[in-house]
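Architecture at a glance
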Amino acid sequence: MKYTQLGRTGLKVSRLVLGTMNFGPQTDEPTSHSILDAALAAGLNFVDTANVYGWGENKGRTEEIIGTWFAQGGGRRDKTVLATKVYGNMAAEGDPWPNHDRLSALNIRRAVEASLKRLQTDYIDLYQFHHVDRRTPFEEIWQAVDVLIQQGKVLYAGSSNFPGYKIAQANETAARRGSVGLVSEQCLYNLAERRAEMEVVPAAQEYGLGVIPWSPLHGGLLGGVIKKEVEGGRRASGRSADALANTSVRAQVQAYEDLLDKHGLEPGETALAWLLTRPGVTGPIVGPRTAEQLESALRALDLELSQEVLDALDEIFPGPGPSPEAFAW
C-alpha cells in the first residue's frame, strides 16, 4: 500500500479511500465486514462514510455496519482513519421538526453524537461538511467544530462538494479565528468530469487541502461499459446509461476503451491510476460491492501509465486547462 499526507496535515492515509455508500443498501453486513477486513489487510486505512448513508428509512445504517465491525476489536478502529459527513436531514420520516439538517451549531452537535454512537467510537478522524450551507455563517460552523476538536471528538474538518470560493471563504474565516480550517475536499472528479480542475483543485492546493475524488469511474462509464454490453449483454444503467445516450459521449468512451485495449489495460484500473497522477489528489474513493471489485481497485496502485497513454487520455477527455487562463483569455 502507498500512503501520503492528507493535505497539509501530518496524517498519513492510503492512496485509495474505501467508500461505504453501498454498505446496507446493496451489500449486506457480513459482506461489508469482509470487504473492510480485506481492505485493512491490504493496508488501506482510509474509510469514508456519511451519516445519511443507508438512505430513506435506513439513514445511519452504513455507520452502524462500520460500528459493528469496529466492535469486533483486533485493532480495527486504531488502524482506521475514519471519515464521515454531516449535513443531510436525519429526522425520522414524516418528522416535521426543524434543526435536524445543515450546519448549524445545534445540528453539528447532535449529528456528531449520533454518528459516534452508531460508529461505536469516541472520535472521528475527519468530519466533513457534505454540502455548502448558505444559511449558516462559517463563524458559527467553526465555533462548533472547534468545541468538538477541544473535546477530542473530531480531529480534522473537511468539505465535500464545495466550490473554490467557498473553500477560500471557509479557510479565511478559520484563519481569522486561529482555527485549523478545512484539510480536505471531496469532489466529483474523474477523466470524464474534469471541471474541478477549473477552481476547486487550485483552491484546494492553495489552502493545503487534500483532494478526494468521488465517482472515479463516473457511475461506471469509465469501467469498460461498452465492452461489457458487447461481450456479456450487460447494459449500462443510471448515470452511465444517460451519458451513453449522447452520441458524442459514446464516441469518447469507445475511443477510451479502444485505446486501453490496444495497450492491454483494464478501464476501471486505468481511470483510478489516472487520478493518482493528478496534482493535489490524495486518493480516489472506491465503493466496492464485492471483494473482487476491491481487488481490482487495489491493482490500480501498482499501475504506472506511460506518457503516451496519459497524452492520449488527455486527447480523448481534454481538461479545461489552467486557471484562470482557460476562461480568462
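Just above sits the structure.
Scanning all chains against the criterion turns up 6 aromatic pairs. Between the aromatic rings of Phe129 and Trp142, the centroid separation amounts to 5.7 Å while the plane-to-plane angle is 65°, which identifies the pairing as edge-to-face. Residue Phe129 is located in strand 6 (residues 124-129), and its partner Trp142 is located in helix 5 (residues 138-151); the two are separated by 13 residues in the primary sequence. The exposure class assigned to Phe129 is buried, which follows from its relative accessible area of 0%. Look at Trp142 and you get buried, because its relative accessible area is 1%. When the ring centre of Phe70 is taken as origin, the NZ or CZ atom of Arg77, which lies over that ring, is 5.3 Å away. We note Arg77 situated over the ring of Tyr123; from NZ or CZ to the ring centre the distance is 4.0 Å.

It is worth spelling out helix 13 (residues 307-316) at this point. Looking at helix 13, one finds that the buried residues are Val309, Leu310, Ala312, Leu313 and Ile316. The arc that holds the buried residues of helix 13, viewed along the axis, is 165°, so those residues lie on one side. Along helix 13, the residues that are exposed and aim more than 90 degrees away from the buried face are Gln307, Glu308 and Glu315. Tucked inside the fold, the buried residues of helix 13 contact helix 10 (247-263) and helix 11 (267-276).

A side chain of one charge can pair with a side chain of the opposite charge if their charged atoms are brought near each other. Inspection of every chain in the model, using the stated rule, returns 18 salt bridges. Lys59 serves as the salt-bridge partner of Glu93, at 3.9 Å between the closest nitrogen and oxygen. Here Glu93 is found in the loop between strand 5 (81-86) and helix 4 (105-119), whereas its partner Lys59 is found in the loop between strand 4 (46-48) and helix 2 (61-70), with 34 residues between them in sequence. Judged by relative accessible area, which is 53%, Glu93 ranks as exposed. In this structure, a network of salt bridges that share partners links the residues Arg194, Glu197, Arg278 and Asp314.

Turning our eyes to something else, we now look at the nonpolar core. In this structure, Phe129, Trp142, Tyr189 and Tyr256 are the most contacted members of the largest nonpolar core, which totals 51 residues. Residues Val47, Leu272, Leu276 and Ala297 belong to the second largest nonpolar core, which totals 22 residues.

Taken in spatial order, the 8 strands make up an open sheet running 9-8-7-6-5-4-3-10, and their pairing is parallel. Where the open sheet ends on each side, the last strands, each with one partner, are strand 9 (210-214) and strand 10 (285-286). In terms of strand pairing, strand 8 (residues 182-188) meets strand 9 through 5 bridges, oriented parallel. Bridge pairing in strand 9 links Cys187 to Pro213.

Rules and cut-offs
Residues numbered from 1 in each chain as written. Predicted model: local features only at pLDDT ≥ 70, side-chain atom pairs only at ≥ 80, totals over all residues. Heavy atoms only, no water. Phe/Tyr/Trp six-rings, centres within 6.5 Å; stacked < 30°, edge-to-face > 60°. Helix = DSSP H or I, 4+ residues; strand = E, 2+ residues; numbered from the N terminus. Buried < 20%, exposed > 50% of the residue type's maximum accessible area, 1.4 Å probe, protein only. Lys NZ or Arg CZ within 6 Å of the ring centre and 35° of its normal. Arc of directions from axis to C-beta. Contact = heavy atoms within 4.5 Å. Salt bridge = Lys/Arg side-chain N within 4 Å of Asp/Glu carboxyl O. Core = buried A, V, L, I, M, F, W, Y, C linked by side-chain atoms within 4.5 Å. Pairing = 2+ DSSP bridges.

Don't take any of this as a statement about function, it's just geometry.
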